[in-house]
Amino acid sequence: MGLEIGALLGFLGLTSAFALVGTILAAWMAWRIVEKAGLPGWAGMAAVLLTLTAVATIVPLILLWVFAFMRWPRDDAQPVPIGAAAPTPPASTQAALAPPRQALADRRGWRLTGAGMALVVDGAASTYLLTGAPAVADAELSIPDPSVGRPHARLLCSAGRLGLEDLGTPGGTWIDGARLLPEHGPRDITAARTIRLGSVELALSRA
């Protein structure tokens, strides 16, 4: 649109320049005609000039009409309405894209570190018991501290996520500083940073 307006303005400027030069030449030639024809002085000159001026005005208007209604190359392009989807290219021109890759499940385990200990939850079992007593099974994680109950809490592993459930011990359980009560049930701690069992605070990270 901007290019077309620029071309139109340039054309108008060129037309005006030609019109000015043509008017000057016409005035000079009209004066010569008046002299040779013996027309009555300035009255004859005015009549000739008015005739020439009318012609000089009509010709640019005719040219503008022709340019305004002539067929432009951009007339063949179909405009896309605002908000409408762009036309879909033919199937032959569309690049064959591979389907998006499916995200692989994170099969890493978790690590609980703090108070001089490091506990690993490898996800081999679906449930792990956190207890202050010595561990007697593979699914038990011992935290030897008087504030930790026997048992204290339960870790649950499912579909690459980790949950925590308080078992109602007096020491209490916290997730990132928020108290977890037995009536809350299991809570997802996959994105948690720390958990506290009694007075033992453990940092949670991926193993």
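Our subject is the structure that appears above.
Residues numbered from 1 in each chain as written. Predicted model: local features only at pLDDT ≥ 70, side-chain atom pairs only at ≥ 80, totals over all residues. Heavy atoms only, no water.

A.B. asks: Please explain the overall build of the protein as it appears in this structure.
C.D. replies: A tally of helices and strands in the protein yields two helices and 11 strands. Shown N-terminal to C-terminal, the secondary structure of the protein runs as helices and strands in the order α-α-β-β-β-β-β-β-β-β-β-β-β. Considering only intrachain contacts with a sequence separation of at least 6, the fraction spanning at least 24 residues in the protein is 43%. About 14,400 Å² of surface is accessible on the protein, with carbon and sulfur atoms providing 66% of the total. (Helix = DSSP H or I, 4+ residues; strand = E, 2+ residues; numbered from the N terminus. Contact = heavy atoms within 4.5 Å. Areas by Shrake-Rupley, 256 points an atom, 1.4 Å probe, with all protein chains shown as cover.)

A.B. asks: Quick question: what am I supposed to make of a nonpolar patch on the surface here?
C.D. replies: Together, Ile58, Val59, Ile62, Leu63, Trp65, Val66, Phe67, Phe69 and Met70 line one region of the surface with nonpolar side chains, adding up to about 890 Å² of accessible area. Within the element layout of this structure, Leu63 appears in helix H2 (residues 41-69). (Patch = residues over 30% accessible without salt bridge, like charges linked within 9 Å, V, L, I, M, F, W, Y side chains within 5 Å. Salt bridge = Lys/Arg side-chain N within 4 Å of Asp/Glu carboxyl O.)

A.B. asks: What is the right way to look at the pattern of salt bridges in this model?
C.D. replies: One side chain can pair with another of opposite charge once the charged atoms of both are near each other. For the structure on display, the rule yields two salt bridges. The partner of Asp188 in a salt bridge is Arg161, and the shortest N-O contact between them spans 2.7 Å. On the criterion of sequence distance, the pair formed by Asp188 in strand E9 (residues 187-188) and Arg161 in strand E6 (residues 161-166) is long-range, its members being 27 residues apart. Under the relative-accessibility criterion, Arg161 is labelled partly exposed at 45%. (Buried < 20%, exposed > 50% of the residue type's maximum accessible area, 1.4 Å probe, protein only.)

A.B. asks: Just checking my understanding: could you explain the sheet that holds strand E7 (residues 173-175) for this structure?
C.D. replies: Pairing between the strands of a sheet comes from backbone hydrogen bonds, and it takes one of two forms, parallel or antiparallel. Taken in spatial order, the six strands line up as E2-E1-E11-E10-E7-E8 in an open sheet, and their pairing is antiparallel. Each of the sheet's edge strands pairs with one partner strand only, and the pair in question is strand E2 (117-121) and strand E8 (178-180). On average, adjacent strands in this sheet sit at an angle of 25° to one another, irrespective of strand direction. (Pairing = 2+ DSSP bridges. Axes fitted to C-alpha atoms, helices over the stretch in contact; angles between N-to-C directions.)

A.B. asks: So what exactly am I meant to see when it comes to the packing of aromatic side chains here?
C.D. replies: Two measures describe an aromatic ring pair: the distance that separates the ring centres and the angle between the ring planes. Applying the stated rule across the entire model yields zero aromatic pairs. It is Arg179 that lies over the ring of Trp174; its NZ or CZ is 4.8 Å from the centre. The ring of Trp174 carries Arg196 above its face, with NZ or CZ at 3.8 Å from the centroid. (Phe/Tyr/Trp six-rings, centres within 6.5 Å; stacked < 30°, edge-to-face > 60°. Lys NZ or Arg CZ within 6 Å of the ring centre and 35° of its normal.)

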